[in-house]
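Observations on the three-dimensional arrangement
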Amino acid sequence: MKFGVIVFPGSNCDQDVYHALGSVLGQPVDYLWHGDTDVTGYDCLVLPGGFSYGDYLRAGAIARFAPIMPAVIDFARSGGLVLGICNGFQILLEAGLLPGAMRRNDCLQFRCQWTYLKVENGATPFTNRFREGQVVRIPIAHGEGNYYADAATLRELETNRQVVFRYCNENGEVTPATNPNGSVGNIAGIINREGNVLGMMPHPERCVESILGGTDGRELFASIIDWWQGRERLGA
Amino acid sequence: MLLAKIYVTLKPGVLDPQGEAVMGGLKAMGYEGITAVRVGKYLEVQLDLDDREKAGQQVEEMCRRLLANPVIEQYRYTLEEPAGLSTEESPRG
């Protein structure tokens, strides 16, 4: 399985994702420059965290028009796996591959901390190593992670089980006190209706080895690989 | 030449943490009777166009595609002759 990590000017988690996939999980992985226009030959694209284009105008707004993005959008629309982490999630929202938008954190602080997440859907290509309701610990680091969607969109997300992660406490309780940024419904990650594009504010690449303080992120990447290998076995 | 003055603001009802903080600051300074503060963006785009209709269409498209996020923001704009060319007063302050 071959991964591509897209590097925008201002990405700063690209090397962490590359390390997680290449060194920790032992998968073939390449950097893809934002000026490239071809993603042929890749099985999963990762849009990493950072501050693409300085977050000018809105986080992800300018990156969404980078030369590589039409290829990313085509790849996603034809069923390719796309994972957007933090700034990558913001770019996917701006690109319309996921519904909703990000606002500034309600606390107005840049939040850099460990968070507990409740896995709301363990049946996606990105979460199949988790069981539904499981509590995982993955850190966040953002100033604009206050997810917003209008009431109709939220209903749709809930009905179709597109909310994948919610901020909770270590017991899995989802309350206003466990919400670090004001996101509606404590939403930390969502998937598209088709189930191949996941956006999440927490950083799984920052917890892939015990030396980093946790390994729950490793399971997310391992889920992707398991899913892919399962599909290969079925000859899909 | 035309100058587009574009105002991008959060839609009514969308929480504005920055506005809330600014309001808190103003109140702390002693200003009374403030009921709301909303923070938005102001952009100036210079266009090498004289056709106002064409310029308007371009600015509309720019706003829809990039300058505003229609999920949470709204926009409005004016088209003016750039300062120096116009007979309008120059900005003060």
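Quick notes on the rules
- Residues numbered from 1 in each chain as written.
- Chains lettered and ligands numbered in written order.
- Predicted model: local features only at pLDDT ≥ 70, side-chain atom pairs only at ≥ 80, totals over all residues.
- Heavy atoms only, no water.
- Contact = heavy atoms within 4.5 Å.
- Buried area = accessible area lost by both parts, 1.4 Å probe.
- Salt bridge = Lys/Arg side-chain N within 4 Å of Asp/Glu carboxyl O.
- Polar contact = N/O pair within 3.5 Å; in protein donor to acceptor, adjacent residues only side chain to side chain.
- Helix = DSSP H or I, 4+ residues; strand = E, 2+ residues; numbered from the N terminus.
- Buried < 20%, exposed > 50% of the residue type's maximum accessible area, 1.4 Å probe, protein only.
- Patch = residues over 30% accessible without salt bridge, like charges linked within 9 Å, V, L, I, M, F, W, Y side chains within 5 Å.
- Areas by Shrake-Rupley, 256 points an atom, 1.4 Å probe, with all protein chains shown as cover.
- Lys, Arg positive; Asp, Glu negative; His and termini not counted.
- Charge placed at Lys NZ, Arg CZ, Asp CG, Glu CD.
- Pairing = 2+ DSSP bridges.
- Axes fitted to C-alpha atoms, helices over the stretch in contact; angles between N-to-C directions.

So, the interface of chain B and chain A
- Taken together, the 15 residues of chain B in the interface contact 16 residues of chain A.
- For the pair chain B and chain A, the summed buried area comes to about 1,300 Å², and 69% of that belongs to carbon and sulfur atoms.
- Among the residues of chain B in contact with chain A, Pro-17, Leu-66 and Ile-72 of chain B are the three that bury the most area, contributing 34% of the side total.
- Inspection of the chain B/chain A interface yields one salt bridge.
- Notably, a salt bridge pairs Glu-73 of chain B with Arg-58 of chain A, separated by 3.5 Å at the nearest N-O pair.
- Viewed at the interface, chain A and chain B are joined by five residue pairs in polar contact (both at pLDDT 80 or more).
- Listed by contribution, the elements that provide at least two residues to the side of chain B that touches chain A are helix H1 (17–28), strand S2 (41–47) and helix H2 (52–67) of chain B.

Side note on the environment of Asp-55 of chain A
Residue and element names in this part refer to chain A.
- Positionally, Asp-55 belongs in the loop between strand S3 (44–47) and helix H2 (69–77).
- Accessibility expressed as a relative area gives 17% for Asp-55, which makes it buried.
- Asp-55 sits 89 residues away from Glu-144 along the chain, and the two C-alpha atoms are 9.8 Å apart.
- Ignoring sequence-local partners within four residues, the contact set of Asp-55 consists of Gly-60, Asn-87 and Gln-90.

Topic: a negative patch on the surface
- On the surface, Asp-48, Asp-50, Asp-51 and Glu-53 of chain B cluster together to form a negatively charged patch.
- Relative to the assigned elements, Asp-48 of chain B resides in the loop between S2 and H2.

As for the side chain of Ser-11 of chain A
Residue and element names in this part refer to chain A.
- Along the chain, Ser-11 falls in the loop between strand S1 (3–7) and helix H1 (14–24).
- Taking relative accessible area as the criterion, Ser-11 reaches 14% and is therefore assigned buried.
- Only 2.9 Å separates the side chain of Ser-11 from the backbone nitrogen of Phe-8, close enough to count as a polar contact.
- Among all residues touching Ser-11, those that are not within four sequence positions of it are Ile-6, Pro-48, Gly-49, Gly-50 and Phe-51.

Let's talk about the sheet that holds strand S7 (residues 135–142) of chain A
All names here are of chain A.
- Spatially, S2-S1-S3-S4-S11-S10-S9-S6-S7 is the arrangement adopted by the nine strands of the open sheet, whose pairing is mixed. The strands lining the two open edges of the sheet, one partner per strand, are strand S2 (29–33) and S7. Along the sheet, successive strands turn relative to each other by an average axial angle of 25 degrees, direction set aside.
- As judged from the three bridges shared by S1 and S3, these two strands associate in the parallel manner. From the neighbouring strand, Gly-4 faces S3, where its bridge partner is Leu-45.
- Sitting on the sheet, helix H3 (residues 87–94) touches S3, strand S4 (81–85), strand S10 (187–191) and strand S11 (197–200), and the angle it makes with S4 is about 120 degrees.
- Strands in contact with helix H5 (residues 216–233) are S1, S3, S4, S7, strand S9 (163–168) and S11; relative to S4, the strand with the most contacts, it is inclined by about 165 degrees.

Things to note about the environment of Leu-2 of chain B
Residue and element names in this part refer to chain B.
- The residue Leu-2 is located in strand S1 (residues 2–10) in this model.
- A residue is classified by how much of its surface remains accessible, and Leu-2, at 2% relative accessible area, is buried.
- Taking the C-alpha atoms as reference points, Leu-2 and Pro-82, 80 residues apart in sequence, are found 5.9 Å from one another.
- Apart from residues no more than four positions distant in its own chain, Leu-2 is found in contact with Val-45, Gln-46, Leu-47, Leu-49, Asp-50, Asp-51, Arg-52, Ala-55, Glu-80, Glu-81 and Pro-82.

Points about the pattern of salt bridges
- Applying the stated rule across the entire model yields 13 salt bridges over all chains.
- Two residues, Arg-52 of chain B and Glu-81 of chain B, come together in a salt bridge whose shortest N-O distance is 4.0 Å. Here Glu-81 of chain B lies in the segment after strand S3 (73–80) and Arg-52 of chain B lies in helix H2, a separation of 29 residues in the sequence.
- Beyond isolated ion pairs, a larger network of salt bridges with shared partners links Arg-58 and Glu-94 of chain A together with Lys-41 and Glu-73 of chain B.

Topic: the environment of Tyr-77 of chain B
Residue and element names in this part refer to chain B.
- Structurally, the position occupied by Tyr-77 is in strand S3.
- On the basis of relative accessibility, which here comes to 25%, the residue Tyr-77 falls in the partly exposed class.
- In this view, Tyr-77 contacts Lys-5, Ile-6, Gly-56, Val-59 and Glu-60; residues no more than four positions away in its chain are not counted.
- Within polar-contact distance, the side chain of Tyr-77 engages the backbone oxygen of Gly-56 at 3.4 Å.
- Among the polar contacts made by the side chain of Tyr-77, one reaches the side chain of Glu-60 at a distance of 3.5 Å.

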